[in-house]
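Structural features, examined
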Amino acid sequence: MAISEEDVRKIAKLARLDLSEDEVRLYGGQLLKIIESMAELESLDASSVPPTASVLGLANVLREDEPRPFDDGDALLANAPEREGPYYKVPKVLE
Amino acid sequence: MERVGPAAGMTTKTDYEMVVGLEVHCQLATRTKLFCACGTDGFGETANTRVCPVCTGQPGTLPVLNKRAVELAFQAALALDCRLAEESVFARKNYFYPDLPKAYQISQYERPFSTDGGLDVALKDGRVKRVRIHRVHLEEDAGKLLHEIGSKRLDYSLVDFNRGGAPLIEIVSEPDLRSSEEAYAYLTALKEVLQHAGCSRCDMEKGEMRCDANVSLRARGRGELGTRAELKNLNSFKGVKDALEYEFRRQAALLDSGRRVVQETRLWDAQRQETRSMRSKEEAHDYRYFPDPDLAPLRAAPEWVAALKASLPELPAAKRQRFQSQHALSAYDASVLASDRELAEYFERALSGLPGGAKTLANLVINELLGKLNAEKMTAGRCPVPAESLGELARLVQAGTLSSKGAKDVLARMWESGKPAAVLVAELGVSQVSDDAQLRDWIEQALRAQPQAAADLKSGKERAIGSLVGVVMKLSKGKANPARVNVLIKEAVSR
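All values derive from a computational prediction rather than experimental measurement. (Residues numbered from 1 in each chain as written. Chains lettered and ligands numbered in written order. Predicted model: local features only at pLDDT ≥ 70, side-chain atom pairs only at ≥ 80, totals over all residues. Heavy atoms only, no water.)

Comments concerning the overall build of chain B
Secondary structure assignment for chain B yields 15 helices and 17 strands. Against the globule reference of 23 Å for 495 residues, chain B gives a C-alpha radius of gyration of 29 Å, more extended than a compact globule. The C-alpha extent of chain B, read off along each of the three principal axes, is 90 × 55 × 50 Å. Working note: accessible area of chain B is about 23000 Å², and carbon and sulfur atoms make up 50% of it. Across chain B, the mean location of the 71 positive side-chain charges is 4 Å away from that of the 66 negative side-chain charges. (Helix = DSSP H or I, 4+ residues; strand = E, 2+ residues; numbered from the N terminus. Rg over C-alpha atoms; globule rule 2.2 N^0.38 Å. Areas by Shrake-Rupley, 256 points an atom, 1.4 Å probe, with all protein chains shown as cover. Lys, Arg positive; Asp, Glu negative; His and termini not counted. Charge placed at Lys NZ, Arg CZ, Asp CG, Glu CD.)

So this is what it looks like as structure tokens:
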């Protein structure tokens, strides 16, 4: 098992992280340790265990289609770094 | 920006065939969003007035699935002949974009709730083509980005989350479509089915139905598929058609000149009528899907599915068939009336109490009423003329009291005043005279006034009847029932 610096840079980019060269090496090492720990699980025989997306044993947790307006939308907007009127304001993202 | 694309009507070196698959997003007709209790009625309302901590992605919030959304999604899949998965799973699709506050969209990936369906699509040439549906899955909508206010371009972007988290189904077809016309017909049929089933209003102007297209070319008759482009930003059925035709020309020109089609996402620019490469998206295509641990799996219990199936209304294809067999309508009349659920219901309401009047009523609805509704951008459900009143109008036409021209005038007044047909017929003085005694009196006068025509008709010159009918219409100030006048003139000369 190995994780290249290129892998680390790609993961960082996908996570919108700007890493220095030192950090790439630092996190690369840490990621490798995590992956190695997970790899230990592979030594277990799980052939009789069906793959599952959830361990809670729940299904169909549903709510009725009844509107319940949230009455403090302004508090949500107040969390935004920038706003303009009722809008969230973000850097230009035009294609 | 790439600018390939000869004018329409180009000839290509090779006879290419277009291969198209469509991905259609439809908003389910719920009152609330997919994972929170915010209303879905935020279109055109003040921005960010249908938002809460869940749909704006505040830390520590949890999604709870909307039961009605699931039911409508299941019904849509059933109406599209899909197989429902016993269990399906929600997944996170990870990417950064300002319209996506959690930095992931809750969708379904490896285990969608339904697969393997199909839709029968009526083509222009009368053939019916079965378009296979690969899968239908549930997902939440993103917010809406604004880049301009009015005509003023902004040097920043604004975000409105009113539709963020709205419930969508994505319907993915197999690459079974072979022309822009087929794509158009498929979308039309899909919209009809989903509207009829009550699953989605499919109002494109409100973004309730959106479409992406995968398109590639291959030499006609070849089996394997060519490299495809994914087209986005197709905001209308016509946009889909135009973009596919443009893309056909672009790809044909590339292939003809020995170049290759690059697999990429391209944006349709309706103003410039061209597609252009959307390079910025390519990096982001690593979505790292994984099952969403915040949501339990969804199980389609057989009893639940059976009940949902039983409560599906009659679908357009079945309705067309029934209109032809039960009301003896032509295939054309039946398809027009069955294309829209409200219109079909209006028609059948108007028809009750009008035995044998289906054809007369269909003519009134299709030739007169529909034009008015379309002109006012109004659905049949909001028609100012009650169905019962239109039925009464049709009855008067059927009884010969009113000509079809008279009916048109009366309908125009009914539209404005809402008064009953019989009252307007009297007010407008447009009732037809079908009284034989009165008609015979006018006919006698006509025969005396036009002895030559009378003699010609008697000797078998059928066309001579025209001038006699003309005289009768003049004498009656246009009120004589022309069909009856024809019959009575023939009777008179053959005596």
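What to know about the confidence of the model for chain A
Taken residue by residue, chain A gives an average pLDDT of 90. The fraction at 70 or more is 97%. Confidence, expressed as mean pLDDT per element, reaches its minimum in chain A at helix H3 (residues 73-78) of chain A with 90 and its maximum at strand E1 (residues 62-63) of chain A with 97. (pLDDT = per-residue confidence, 0-100.)

Considerations on the pairing of strand E11 (residues 167-173) of chain B
All names here are of chain B. In terms of burial, E11 is largely enclosed, as 7 of its 7 residues are buried. A two-sided burial pattern is seen for E11, the buried positions comprising Pro167, Ile169, Ile171 and Ser173 on one face and Leu168, Glu170 and Val172 on the other. Pairing of strand E8 (residues 128-140) with E11 involves 7 bridges; the strand directions are antiparallel. Counterpart to Arg135 in the pairing with E11 is Val172. (Buried < 20%, exposed > 50% of the residue type's maximum accessible area, 1.4 Å probe, protein only. Pairing = 2+ DSSP bridges.)

Some points on the sheet that holds strand E13 (residues 229-234) of chain B
Strand pairing in a sheet takes place through backbone hydrogen bonds and is either antiparallel or parallel in direction. Here 9 strands make up an open sheet; going across it, the order is E3-E7-E8-E11-E1-E12-E13-E14-E15 (chain B) and the pairing mixed. Strands with a single pairing partner mark the edges of an open sheet, and in this sheet they are strand E3 (83-84) and strand E15 (274-277) of chain B.

A few points about the pattern of salt bridges
Charged atoms that come close allow side chains of opposite charge to pair. All names here are of chain B. A complete count under the given rule lists 48 salt bridges over all chains for this structure. With a closest N to O distance of 2.7 Å, Arg210 and Asp141 form a salt bridge. Of the two residues, Arg210 sits in strand E12 (residues 209-219) while Asp141 sits in the loop between E8 and strand E9 (144-149), which places them 69 residues apart along the sequence. Each of Glu247, Arg250, Glu264 and Arg266 takes part in one network of salt bridges that share partners. (Salt bridge = Lys/Arg side-chain N within 4 Å of Asp/Glu carboxyl O.)

Topic: unusual backbone geometry
All names here are of chain B. For Cys202, which is not a glycine, the phi torsion comes out positive at approximately 50°. A relative accessible area of 1% places Cys202 in the buried class. Its identity as a non-glycine residue notwithstanding, Ala328 has a phi of 55°, on the positive side. Take Ala328: it is sitting in the loop between helix H5 (316-327) and helix H6 (331-338). A residue is classified by how much of its surface remains accessible, and Ala328, at 62% relative accessible area, is exposed.

Describing the domain arrangement of chain B
Under the domain assignment, chain B is made up of domain 1 (21-208 + 281-304), domain 2 (314-428) and domain 3 (436-494). Using only C-alpha atoms to locate each centre, domain 2 of chain B and domain 3 of chain B end up separated by 32 Å. (Domains from an automatic or database assignment.)

Brief notes about the nonpolar core
One recurring pattern in soluble globular proteins: nonpolar side chains tend to sit buried together. Residue and element names in this part refer to chain B. Leu22, Leu138, Ile169, Ile171 and Tyr186 are the most contacted members of the largest nonpolar core, which totals 72 residues. Broken down by element, the residue count for this core peaks at 9 residues, all from helix H1 (residues 67-79). Not counting residues within four places of it along the chain, the set of residues in contact with Leu138 comprises Leu28, Leu34, Ala69, Val70, Ala73, Phe90, Ser107, Gln108, Phe113, Leu168, Ile169 and Leu298. Core analysis: the next-biggest nonpolar cluster, separate from the first, contains 40 residues, Leu337, Ala344, Val365 and Leu390 among them. (Core = buried A, V, L, I, M, F, W, Y, C linked by side-chain atoms within 4.5 Å. Contact = heavy atoms within 4.5 Å.)

Section: the packing of aromatic side chains
Tallied over the full model, the rule gives 10 aromatic pairs over all chains. Seen in terms of ring centroids, Tyr88 of chain A and Phe161 of chain B are 5.2 Å apart; in terms of plane orientation they differ by 65°. Their pairing is edge-to-face. One end of the pair, Tyr88 of chain A, is in strand E3 (residues 87-91); the other, Phe161 of chain B, is in the loop between strand E10 (152-160) and E11, on a second chain. Both rings, one in Phe74 of chain B and one in Phe113 of chain B, keep their centres 5.5 Å apart while their planes meet at 35°; by these two values the pair is tilted. Here Phe74 of chain B is found in helix H1, whereas its partner Phe113 of chain B is found in the loop between strand E6 (104-108) and strand E7 (114-122), with 39 residues between them in sequence. (Phe/Tyr/Trp six-rings, centres within 6.5 Å; stacked < 30°, edge-to-face > 60°.)

Some points on the environment of Ala219 of chain B
Residues and elements named next belong to chain B. Note on placement: Ala219 falls in strand E12. By relative accessible area, Ala219 is classed as partly exposed at 22%. Taking the C-alpha atoms as reference points, Ala219 and Asp15, 204 residues apart in sequence, are found 5.8 Å from one another. If we skip the residues at most four places from it in the chain, Ala219 touches Thr14, Asp15 and Tyr16.

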